[in-house]
Structures are given as C-alpha cells and as structure tokens.
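# Chain and residue survey
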Amino acid sequence: SKMKKVDSRILLASIFIAASGSAGATGFQLLELNARGLGNAYAGSAAIAENASTIFFNPAGMTQLKAREYSLGLTAIQPNLKFNDGGSSVGGLGGTGNGGNGGELGVVPNGYLSWAYDKNLYMGIGFGVPFGLATKYDKPWLGAAQATSFEIKTYNINPSIALKVSDAISIGAGLNWQRLDAEYKRQALVVDLPGLPGTPALAAATPLKLKLDDEAWGWNLGMLIALSPATKLGVSYRSRIKYDLDGDVVASGPSAPVNAAITSGARASIELPDTFIFSVAHQYSDRWELLGDVSSTGWGRMSSIDIVRTSGPGAGTKAQTLDTDFRNTWRVAAGANYKLADDVKLKFGLAYDQTPIKNAASRLVALPENSHVWFSFGSQWALSNGASLDLGIAHLYMKDAAIDNDQTLDGRGRVTGTYENNAWILGAQYSASF
C-alpha cells in the first residue's frame, strides 16, 4: 500500500544515513530538521506549516496540511575550525601543530509523516537529529591532551498530535524518544595510577577513548494562531532531556599494565537544553511573504560534566570534569519569500545566533565556536504531481573565537590562541501528499 511504501522510505533514510554534524545553531544544537526553513535561516519556523516537517518546529501546524503528507530531507554541514596558536603550553606531553581543519563534514537526515484522523484531529511522526557535534584534529596537534576528537550524535523520534480548536487556533503536542551517543578522544601523560603506586611517568603519551550512550524521553508543545488571513503566530516549546550515560574509558598506550589499570567503566549525566520559539509569518502581498523568529535555548544548566569511573581500582572517582560553563542563548532571524512564478518561490534569510560559551577561559577545543550570523538563500519548486522540492544554502559567518583554556593543574596543558571559524550548510527536501 502507499502508506507502507512511505513508512519504508522514512525507515531506510533513518537507518542508512550516518547522522552527525556541527555548527547548526549554537552549542551543539542543530536546526537542520528540514531544508524548507534553511533558505530563510529558519525565520518563521513555528508559524509556517508548508509541509509535514512542521511536526518538529510546531506540531500544531499539522492542521494546515492535507489529509496525508510526508516529507524527506537531507542536509550537509561543513564547519571549518582553524586554530592559530598564541603561546600555548602543553605540559609534559610536548607536541606542536595547529591541528588542521578541526571541522568534520556532517550529513543529517530527517523524515516526517502526518495524517488527518478527521478535519480537526491530526497525527504524525517525525525523525531527526536535534543535537550533533563532530570535531577532529589532524596530527600533530598541540591541544591533544585536552581533545583530539569529540563526537556527539542524537537520533530523535517524535510521535505527535494536533487539534484544531477553532478556525483561528490550533494546538499540538509530541513525545520525543531520543538516543545520544558520545565519543571523546584525547592523549594522556600517565603519572599517577590508581592501584599501581610508583609507576613512572611514561615518555610516550597514552591515547584515551571515552564512549558513552543512553536513551531518554522528552516532550514538546505548540500553538498556531491566525491573527488574520495574512498573519500567523506560532509558539513552540521543546523540553529538556536528561541523560544518564554509561560506557567505558579505554587506554591504548604502549604499556599493557598501564592500559589495564586505567581502562574502566564510566558514566556521566548530561541535560540537553529546552528551547522556546516565537514565530510570525505575514503575507505582505501576492508575491512577498515576511517571516520573523525569536528563540531562546536553556544551555545555562550545563555548567560542567563529570566523567566518573564505575569499575576498577578507581571506581567512584572522577576521571575528568568537562567545564562547559554554558549560558542561556538567544537567536533572532528574519526572512522573506518571493513568488517568482506560480511554481517557483525564492527564499532569503538572515539570523544571529548567540554562543553559550561565556569567554576564552571556558572555550573548549572540543567545541571552539562563537556567536555567528547566517546568510541564507533557497528556492522551492512546485512539481506537477502536487509535490514540492526545497533547496537551501547557508553560510555561517563567525567572528574569531579567542581561547585560553588552562588545564595545566590537571596535566592537560594550556591552549591559548584564536579560532577562525565558519560553516556552509546545504540542504534538500522533498514533500508530497498521498
């Protein structure tokens, strides 16, 4: 049946595409949950309900759709992170080198399906990647004691419901099942070993790899209000999601006894932030539509992440603390759509994203981003079968990010300098009713 075919397409997209990325919004939040909004820098995200991807940004928007719709998309994100040394001291590890381009290409899939139970009640399900990060430095890299690579992947499945309360007001809600996988690599100079007193420091560095994962639940709510036939307001809220991650830390240095002594189980708790979006969409004329967005993300609760050993001689002790020291952030976006022809729409967008990183001392080599400006352009084609195709491109301009992260007392050296950062994002989306 048609329904089965669509389900299997979404499932295939979800399973076979590696989902990782970085530089989406700020911190390691990703906005690329559709390509429809990319050309507008995601302005109006909670007020526009053009296709089934509204399930993520505002589930209430499903009431604006046809009886059955689906949408499939793919976004490529290329962040560029270039470090310029300003006098780093890397402790006993020695080492030189600026690490090349620390940004890793990420490919982020999304898929959505919505259907009307009756004219007032809609149901849907979405799949996407709301958080992701991939930083990887080339060798040699003088910050190797702090991080050589850091990767976070999330997968989010979002069953949703929407109710048309009146001609002017719709409300929506969703549950979010989310999985998080994290991998963190660095080089360690092993000096003091639990259970192996008097072991001499090794001249050779020992690579450490931490792998953690967990699954958790969250929720989201939305409301869509038609102030007039030309003007819509959207408000949307996505909850915090708390993870108790489990896994292990594995040492793979030249000494087998050292590796055995510092390899152990590990755990860490992390709370991904909540987000509130307020959006407006206004049909200014036959050809022009104007869009606006203000959103806030609650990064401030992520002050530090303790990585605790759960087995071996050091069970119960902290292996390391990641001092994130984040703050809450704001994002503002403005966009416009221009109807070039009956079947072609051009999209424009501009946005400012505030970074959660407070200052140079709390900037991590794993996440050396800064506040940034989006310059976005896109187009939408109405296809002959009633479907539509969206293409979008965005350039993220970031001001240079100063870093002065001093972990000398913990044996991880001091990384001092500046990062020159930018990112390119390219996305495509196919949407249809059936």
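Residues numbered from 1 in each chain as written. Predicted model: local features only at pLDDT ≥ 70, side-chain atom pairs only at ≥ 80, totals over all residues. Heavy atoms only, no water.

Attention shifts here to the overall build of the protein. If you tally the helices and strands in the protein, you get three helices and 20 strands. With respect to the three principal axes, the spread of C-alpha positions in the protein is 75 × 40 × 35 Å. Relative to its full complement of 434 residues, the protein shows a buried share of 53%. In the protein, 71% of the contacts between residues at least 6 apart in sequence involve partners at least 24 apart. (Helix = DSSP H or I, 4+ residues; strand = E, 2+ residues; numbered from the N terminus. Buried < 20%, exposed > 50% of the residue type's maximum accessible area, 1.4 Å probe, protein only. Contact = heavy atoms within 4.5 Å.)

Core analysis: the largest hydrophobic core is formed by 41 residues, its most contacted members being F28 and Y419. In contact with F28, other than residues within four places in its own chain, are P130, F131, G132, L133, I152, I270, L272, W299, M302 and L367. The next biggest cluster of nonpolar side chains, apart from the first, holds 30 residues, and it includes Y42, A43, V108 and I425. (Core = buried A, V, L, I, M, F, W, Y, C linked by side-chain atoms within 4.5 Å.)

This paragraph deals with the environment of L367. Position of L367 relative to the elements: it lies in the loop between β16 (344-353) and β17 (372-382). Using a relative accessible area of 8% as the deciding quantity, one classes L367 as buried. Spatially, the C-alpha atom of L367 lies 9.1 Å from that of I357, the residues being 10 residues apart in sequence.

This brings us to the pairing of strand β6 (residues 169-188). Note: strand β5 (residues 149-164) against β6, 14 bridges, orientation antiparallel. Residue pairing for β6: I152 is matched across the bridge by A182. In this antiparallel pair of consecutive strands, β5 and β6, the connection spans four residues. (Pairing = 2+ DSSP bridges.)

Our focus in this paragraph is the pattern of salt bridges. With the rule as written, the count across this model stands at 17 salt bridges. For the salt bridge of R240 with E271, the shortest nitrogen-to-oxygen distance reads 3.5 Å. Of this pair, R240 sits in the loop between β8 (231-238) and β9 (241-251) while E271 sits in strand β10 (residues 264-272), placing them 31 residues apart in sequence. Here K318 makes a salt bridge to D306, at a shortest N to O gap of 3.8 Å. Here K318, found in strand β14 (residues 318-322), pairs with D306, found in strand β13 (residues 305-309); they are 12 residues apart in sequence, far enough to count as distant. Using a relative accessible area of 55% as the deciding quantity, one classes K318 as exposed. The exposure class assigned to D306 is partly exposed, which follows from its relative accessible area of 29%. (Salt bridge = Lys/Arg side-chain N within 4 Å of Asp/Glu carboxyl O.)

Throughout the structure, instances matching the rule amount to 17 aromatic pairs. Plain terms: the ring middles of F83 and Y419 are 5.2 Å apart, the flat faces sit at 55° to each other, and that makes the pair tilted. Highlighted residues: F83 in strand β1 (residues 68-85) and Y419 in strand β20 (residues 414-433), separated in sequence by 336 residues. One exposure class covers both F83 and Y419, and it is buried. Judged by centre distance (6.1 Å) and plane angle (90°), the ring pair of F131 and W299 falls under edge-to-face. (Phe/Tyr/Trp six-rings, centres within 6.5 Å; stacked < 30°, edge-to-face > 60°.)

A few words now on the confidence of the model for the protein. Summing up the model confidence of the protein, the mean pLDDT is 91 and the portion of residues at 70 or higher is 90%. Every residue in residues 1-22 is under pLDDT 50, and counting partners more than four places away or in other chains gives 41 contacts. (pLDDT = per-residue confidence, 0-100.)

Take F131: it is sitting in the loop between β3 (121-128) and β4 (132-136). Owing to a relative accessible area of 7%, F131 belongs among the buried residues under this scheme. Sequence separation between F131 and G314 is 183 residues; the distance between their C-alpha atoms is 31 Å. With near-sequence residues (within four places) excluded, F131 lies in contact with F28, Q29, L30, I152, K153, T154, Q178, L272, P273 and W299.

With that out of the way, let us pick up the side chain of R363. Position of R363 among the secondary structure elements: in the loop between β16 and β17. Here R363 is buried and forms no salt bridge, its nearest opposite-charge partner E369 lying at an N-O distance of 6.7 Å. A distance of 3.5 Å separates the side chain of R363 from the side chain of N370, its partner in a polar contact. Not counting chain neighbours up to four residues away, the residues in contact with R363 comprise I357, P368, E369, N370, A401, A402, I403 and N405. (Lys, Arg positive; Asp, Glu negative; His and termini not counted. Polar contact = N/O pair within 3.5 Å; in protein donor to acceptor, adjacent residues only side chain to side chain.)

Structurally, the position occupied by T231 is in strand β8. Separated by 2.8 Å, the side chains of T231 and H282 make a polar contact. Leave out the neighbours within four places in its chain, and T231 touches I225, A226, V280, A281 and H282.

This brings us to unusual backbone geometry. Along the chain, K139 connects to P140 via a cis peptide bond; the corresponding omega equals -10°. Structurally, P140 is set in the loop between β4 and β5. One non-glycine residue, A41, adopts positive backbone phi at about 55°. Checked against the element boundaries, A41 lands in the loop between α1 (2-16) and α2 (54-57). The phi torsion at Y42 lies on the positive side, around 65°, for a residue other than glycine. Relative to the helices and strands, Y42 resides in the loop between α1 and α2.

What follows concerns a nonpolar patch on the surface. Together, Y284, W288, L290, F348, F377, I393, W424 and L426 line one region of the surface with nonpolar side chains, adding up to about 790 Å² of accessible area. Relative to the elements of secondary structure, F348 occurs in strand β16. A relative accessible area of 30% places F348 in the partly exposed class. (Patch = residues over 30% accessible without salt bridge, like charges linked within 9 Å, V, L, I, M, F, W, Y side chains within 5 Å. Areas by Shrake-Rupley, 256 points an atom, 1.4 Å probe, with all protein chains shown as cover.)

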